[in-house]
There are 2 protein chains.
Amino acid sequence: MSTTARAAALELFEHHRGTLERAVQAIAERGYWSPFPESLKQYPEEAVKGAQAAFEALLGKHFDLAGPQAVGRAGAERSPYGFDLNVSYDQYDADTLLARMQAALPAWRDAGANARVGACLEILQRLNALSPTLAHAVMHTSGQAYMMAFQAGGPHAQDRGLEVLAYAWRAMAEVPESALWTKPQGKQDPLVLDKRWHVVPRGLSLVIACSTFPTWNTYPGLFASLATGNPVLVKAHPGAILPVAMSVKVAQDVLAELGFDPALVSLVVDTPEAPVSQQLALDPRVKLVDFTGSNAFGNWLEDNARQAQVFTEKAGINSVIIDSVRDLKAVARNLAFSLSLYSGQMCTTTQAIYVPRGGIRNGDELVSFDEVAQALAGGVKSFLADNERACAVIGAIQSEATVQRIQACRELGEVLLDSEAREHPQFPGARVHTPLLLKVDAADRDAYSEERFGPIAFVIATDDTEHSLRLAGEVIAEKGALTLGVYSTDDAVLDRAELLSQDVAVALSINFDGGVFVNQSAAFSDFHASGGNPAANASITDGAFVARRFVTVQSRRHGAA
Amino acid sequence: MSTTARAAALELFEHHRGTLERAVQAIAERGYWSPFPESLKQYPEEAVKGAQAAFEALLGKHFDLAGPQAVGRAGAERSPYGFDLNVSYDQYDADTLLARMQAALPAWRDAGANARVGACLEILQRLNALSPTLAHAVMHTSGQAYMMAFQAGGPHAQDRGLEVLAYAWRAMAEVPESALWTKPQGKQDPLVLDKRWHVVPRGLSLVIACSTFPTWNTYPGLFASLATGNPVLVKAHPGAILPVAMSVKVAQDVLAELGFDPALVSLVVDTPEAPVSQQLALDPRVKLVDFTGSNAFGNWLEDNARQAQVFTEKAGINSVIIDSVRDLKAVARNLAFSLSLYSGQMCTTTQAIYVPRGGIRNGDELVSFDEVAQALAGGVKSFLADNERACAVIGAIQSEATVQRIQACRELGEVLLDSEAREHPQFPGARVHTPLLLKVDAADRDAYSEERFGPIAFVIATDDTEHSLRLAGEVIAEKGALTLGVYSTDDAVLDRAELLSQDVAVALSINFDGGVFVNQSAAFSDFHASGGNPAANASITDGAFVARRFVTVQSRRHGAA
């Protein structure tokens, strides 16, 4: 190990220590806290103004990163807003890359927890400074509208990264570096052992990024593994490489400046025709795999990458149960935003809305099922009436497959609100589609109990709230979910929902009818996924997310009392 | 949930809180600490004097436990000291038992972390009081000599149980019960959410006990799962049911007195002819499996119990590397005790001893390989010369298969010290055999790199210490190990060994030539297994051992600032 690199990283640790300690306090209290501002006004004016140009300067070029000798190039990203990025990236021989990263491991391990966390904190701070530019890269790969791409792809992603560092650091700090073990022996001298403990990483870490949240869903695994000593391969989705590459570059810059091998964080790019995730995930040197994406591949990883600890966030049937409301219009407005935001392409977006077929109480009056359904459809319709405002919320559809899914799903029920193709005010070629809302019966379980990724939701007629609770519970137990919303003015129903949420381990949002939405998840406060139902086998983030990324190895020798 | 039961358990929590807080301090400091005395003198005289009679009163009878209607009886334990216990135990219909435990889960979950931990602390204290009697049950199932059965099966096992409770409680206490989340909105009113978090157990927990350490290896999984809210099925080894049954009874008594279903901790007995572990481990309701035992079954569990978090402690090739010593006789005395204790039936006992074929430095002189080998053999021989003292250390061989293995292994190398059958002074029918020590060459890898469970060890001639380090590293990386010892007067070699121990994630003991032994592992200080090599996929005990046994489920609703 280079002692210079370690010393320099420890300086960064001291520099950022206040932030880290505040973050550790935040994860213990879980009130509101964020060190990374979510308003562009709080970023330097030149950074905000120059962001577009800085992004455009990357287009049509090769993106340079540190790594072994390249054996090829790949990259064919196309913005969901209708243009090709024309950026290429190096491809490496997998064995050469893994051998290089393996060789870099001991120095990173031996630098110790504080040095590693110091480097990671510096990486996060530099990522934050890059946020306005990064936002364009996130926008033009994921399809998120700019403001969401900025917030979710920038400060919110960085918040999650810091949250993970707080967990990782706390877990490592709970292992003492050394102790004198002095066991009394009655009248004889005590037995004395001088003991030392080392935090030892598992090995190489593979983080498989997704196309919809290329930074938000990548940073947790990346920082959890890196902080605990594991070199990280970040395998970008072929449709969303640039924001990942930019993030890897920031990490490599910091590592290289400190004197560590920058390849400790390496980018892996592949193509839909020649995917490499499976091969990498099965490599015996890969001991950690983080994945966000489809159930099919997530389950494959869990079943096959047996040499590794596998952390997956897959799909589920996010649900809302409507029993009774104080103000149906307020509820409809709230759900309209949830259903519209990023065209339902969030892993937390509601898909199944259970409503008793006999109707519900709305304040003092009874409203029929159809009135509720129409209120929801009307809510979305009026929310998206202004096309410019609509486009600033719904963004673009990341993948053509999602557009096709919207069309295919129209057959699954009675159309309450049809999906419309929209013209984007700035990007005429953008792939913009509003939500599809369908009415189905509880008996049409095949329709609503499969994940329909994208802006597709079902209003489901049930016998009564009892039935809604039972159905939602069954579907979530079987298929998983990240979010469950419930609307009721009856405390007994809310208590039932609170127990149900524990039975199927899903986060519950109660009577959201204001400015907070079921699909939003705030770092340092909300646990994103519980890890306790089929939608995800891990939570972002809790103690279990970091504890399995390292082991503790001890040595002991005779000591003097 | 019965609020009375919860309140009563919370009283126990307050009663034992001081012990728990001291335990939490201990796991952070990892110096010497033990709340449960390991000297019989510190137990009430009548408990010690009456222990034998209390144990004998259990023999030849049916052992009553709480549970559903029994569908049969099993139990055919035979003491390794040569007599049948003639104790029978109820067998239940698996589906009925699991359904009952599943039904008991919500009340236990909803009691909360402190109430559950309070009940567990009371269970441990009562187990401690029972230690002198429990020791007879451990002795006459495992074959351990009485003093070891008392210490390892009583206070040391209870220490591990308490250590686990400290980890579990700390992990659960790190999740706040509630918080007000207040997000500023500039000049507008802040967004305010009232958030609650629940620690939610995974489901049913299956703890598969072993025959050699029926309590020590069972309590960690049992208490880790129970404290975090998971009902526990303890599947006893057919050869060592009684100490497990006695432990389950203590747990059931405490649970029933509090008003919880005693079946929250249930005993499962089976027979070698009709084993039930596989069926239980695959049941979808079983979400946690703890196992100590063979690689074959441990690997099967890891490969097949995919619906569960699986924690295994299997077998490995515990190793010692001798490079140079200050006092060969002291080293030989130390290793003689390690090899002899409980006839090498500890999962931490050394099997492979690497010595350069050109000999080693012993203080100022050079000694040949054969002199080292003879010193080790002579050390064991003289340590066991006094038969009464020998029997008090080596105890009896738990299983006839181990006796046969000793015979079979005699062919694997040159016999340095042959195993002898001994007559036990109190138990003429006891299965007592001294260690077998073989000389082999480094090239005879098949001989020493397979686990040979029992009092069987190899002195392996290597080219030099470099070769010893490389071989030990390769074998441990491939087959795993819980312990590695190194003897060297050269700091450079010790530094190499310290790095090697991290590379293969094995606990290192350096120059043990006094009153501490490589196969001993002290709760609150030593991590037993790292979980980072093939000998075990979990450590007893660290944060990862408890973090995966529960998930956190949140609810949130609009609140007032």
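Residues numbered from 1 in each chain as written. Chains lettered and ligands numbered in written order. Predicted model: local features only at pLDDT ≥ 70, side-chain atom pairs only at ≥ 80, totals over all residues. Heavy atoms only, no water.

## Looking at the environment of Gln520 of chain A
- Relative to the helices and strands, Gln520 of chain A resides in the loop between β22 (507–510) and α20 (543–547).
- The spacing of Gln520 of chain A and Gln25 of chain A is 495 residues in sequence and 22 Å in space, taken between C-alpha atoms.
- Setting aside anything within four residues of it in sequence, one finds Gln520 of chain A in contact with Phe337, Gly515 and Asp526 of chain A together with Arg556 of chain B. (Helix = DSSP H or I, 4+ residues; strand = E, 2+ residues; numbered from the N terminus. Contact = heavy atoms within 4.5 Å.)

## Here we look at helix α10 (residues 242–258) of chain B
All names here are of chain B.
- Under the 1.5 Å per step criterion, the end-to-end length of α10 is 24 Å for 17 residues, consistent within 8% with the ideal 24 Å.
- The element α10 is largely enclosed, with a buried count of 13 among its 17 residues.
- Positive backbone phi, at 105°, marks Gly259, one or two positions downstream of α10. (Expected span 1.5 Å × (residues − 1). Buried < 20%, exposed > 50% of the residue type's maximum accessible area, 1.4 Å probe, protein only.)

## Looking at the pairing of strand β13 (residues 352–356) of chain B
Residue and element names in this part refer to chain B.
- Along β13, five of the five residues are buried, which leaves the element largely enclosed by surrounding structure.
- Taking every second residue as pointing to the same face, both faces of β13 are buried, with Ala352, Tyr354 and Pro356 on one and Ile353 and Val355 on the other.
- Of the pairings in the sheet, the one linking strand β11 (residues 319–322) to β13 comprises three bridges and is parallel in character. Paired with Val320 across the two strands is Ile353, which belongs to β13. (Pairing = 2+ DSSP bridges.)

## A word on the pattern of salt bridges
All names here are of chain B.
- Applying the stated criterion across every chain yields a total of 74 salt bridges over all chains.
- For Glu474, the salt bridge identified is with Arg470, shortest N-O distance 3.8 Å. Taken together, the residues Glu474 and Arg470, both in helix α18 (residues 465–479) and four residues apart, mark about one turn of the helix.
- Under the relative-accessibility criterion, Arg470 is labelled partly exposed at 47%. (Salt bridge = Lys/Arg side-chain N within 4 Å of Asp/Glu carboxyl O.)

## Structural notes on the packing of helix α5 (residues 113–129) of chain A against helix α6 (residues 131–142) of chain A
All names here are of chain A.
- Following both chains from N to C, one finds α5 and α6 inclined at 75°, their axes separated by 5 Å at the closest point. Between α5 and α6, the crossing angle belongs to the class labelled roughly perpendicular. Here Leu127, Asn128 and Ala129 of α5 lie close against α6, whose contacting residues are Ser131, Pro132 and Leu134.
- Across the contact of α5 with α6, the residue classes tally to four nonpolar, two polar and no charged. (Axes fitted to C-alpha atoms, helices over the stretch in contact; angles between N-to-C directions. Parallel < 35°, antiparallel > 145°, perpendicular 65-115°, else oblique. Nonpolar A, V, L, I, M, F, W, Y, C, P; charged D, E, K, R; others polar.)

## What to know about the UniProt feature "domain: Aldehyde dehydrogenase" (unreviewed entry) in chain A
- The UniProt feature table records "domain: Aldehyde dehydrogenase" (unreviewed entry) at residues 90–496 of chain A.
- Between the end C-alpha atoms of residues 90–496 of chain A there is a gap of 54 Å, over a span that is 46% helix and 23% strand. (UniProt positions renumbered as here; feature names shortened; annotations may be inferred.)

## Some points on the sheet that holds strand β15 (residues 365–367) of chain B
Residues and elements named next belong to chain B.
- Taken in spatial order, the three strands make up an open sheet running β12-β14-β15, and their pairing is mixed. Because the sheet does not close on itself, it has two edges, and the strands there are β12 (324–325) and β15.
- Alignment of strand β14 (residues 360–362) against β15, held across three bridges, turns out to be antiparallel. Directly across from Asn362, in β15, lies its bridge partner Glu365.

## Brief notes about the relation of the copies chain B and chain A
- Note on the copies: chain B fits chain A at an RMSD of 0.0 Å, the axial shift is 0.0 Å, and the rotation between them is 180°. Here the two chains are linked by the operation of a two-fold rotation axis. Minimal C-alpha distance to the rotation axis in chain B is attained by Ala544 of chain B, lying at 3.2 Å. (Least-squares fit on C-alpha atoms with pLDDT ≥ 70 in both.)

## Remarks on the pairing of strand β23 (residues 550–558) of chain B
All names here are of chain B.
- For β23, the tally of buried residues reaches eight of nine residues, placing the bulk of the element in the interior.
- Looking at chain direction, strand β5 (residues 188–201) and β23 are connected through nine bridges and run antiparallel. Bridge pairing in β23 links Trp197 to Gln554.

## Considering helix α1 (residues 3–29) of chain B
All names here are of chain B.
- Between its terminal C-alpha atoms α1 stretches 36 Å, which fits the 39 Å expected from 27 residues at 1.5 Å a residue.
- Helix geometry: α1 is bent most strongly at His16, by close to 60°.
- Contacts made by the buried residues of α1 are with α5 (113–129), α8 (155–173) and α10.
- Of the residues trailing α1, Arg30 is marked for its positive phi of about 60°. (Bend = angle between axes of the 7 residues up to and from the residue.)

## Describing the nonpolar core
- The biggest cluster of nonpolar side chains holds 325 residues, and the ones touching the most others in it are Ile322 of chain A together with Ile322 of chain B.
- Among all residues touching Ile322 of chain B, those that are not within four sequence positions of it are Leu335, Ile353, Tyr354, Val355, Pro356, Ile360, Val372, Leu376, Thr465 and Tyr487 of chain B. (Core = buried A, V, L, I, M, F, W, Y, C linked by side-chain atoms within 4.5 Å.)

## Some remarks on the domain arrangement of chain A
All names here are of chain A.
- For chain A, the domain assignment lists domain 1 (3–174 + 199–314) and domain 2 (319–510).
- In this assembly, 17 residues from domain 1 lie in contact with 18 residues from domain 2.
- Together, the buried faces of domain 1 and domain 2 total about 1,300 Å²; carbon and sulfur atoms form 65% of this surface.
- Together, Pro80, Tyr81 and Met148 form the three largest contributors to the area buried by domain 1 at its contact with domain 2, with a combined 36%. (Domains from an automatic or database assignment. Buried area = accessible area lost by both parts, 1.4 Å probe.)

## Section: the sheet that holds strand β19 (residues 436–441) of chain A
- Read from one edge to the other, the open sheet built from ten strands follows the order β16(A)-β19(A)-β20(A)-β13(A)-β11(A)-β21(A)-β22(A)-β23(B)-β5(B)-β4(B), with strand pairing classed as mixed. The two strands at the open ends of the sheet, each matched to only one other strand, are β16 (414–417) of chain A together with β4 (178–185) of chain B. Geometrically, the sheet is characterised by an average inter-axis angle of 25° between neighbouring strands, direction not taken into account.
- Alignment of β16 of chain A against β19 of chain A, held across three bridges, turns out to be antiparallel. Looking at the pairing, Val415 of chain A lines up with Leu438 of chain A of β19 of chain A.

## What about the environment of Val138 of chain B?
All names here are of chain B.
- By the element assignment, Val138 lies in helix α6 (residues 131–142).
- Spatially, the C-alpha atom of Val138 lies 7.7 Å from that of Phe213, the residues being 75 residues apart in sequence.
- With sequence-adjacent residues up to four places away left out, Val138 is seen in contact with Gly143, Gln144, Ala149, Gly153, Pro214, Thr215 and Pro243.

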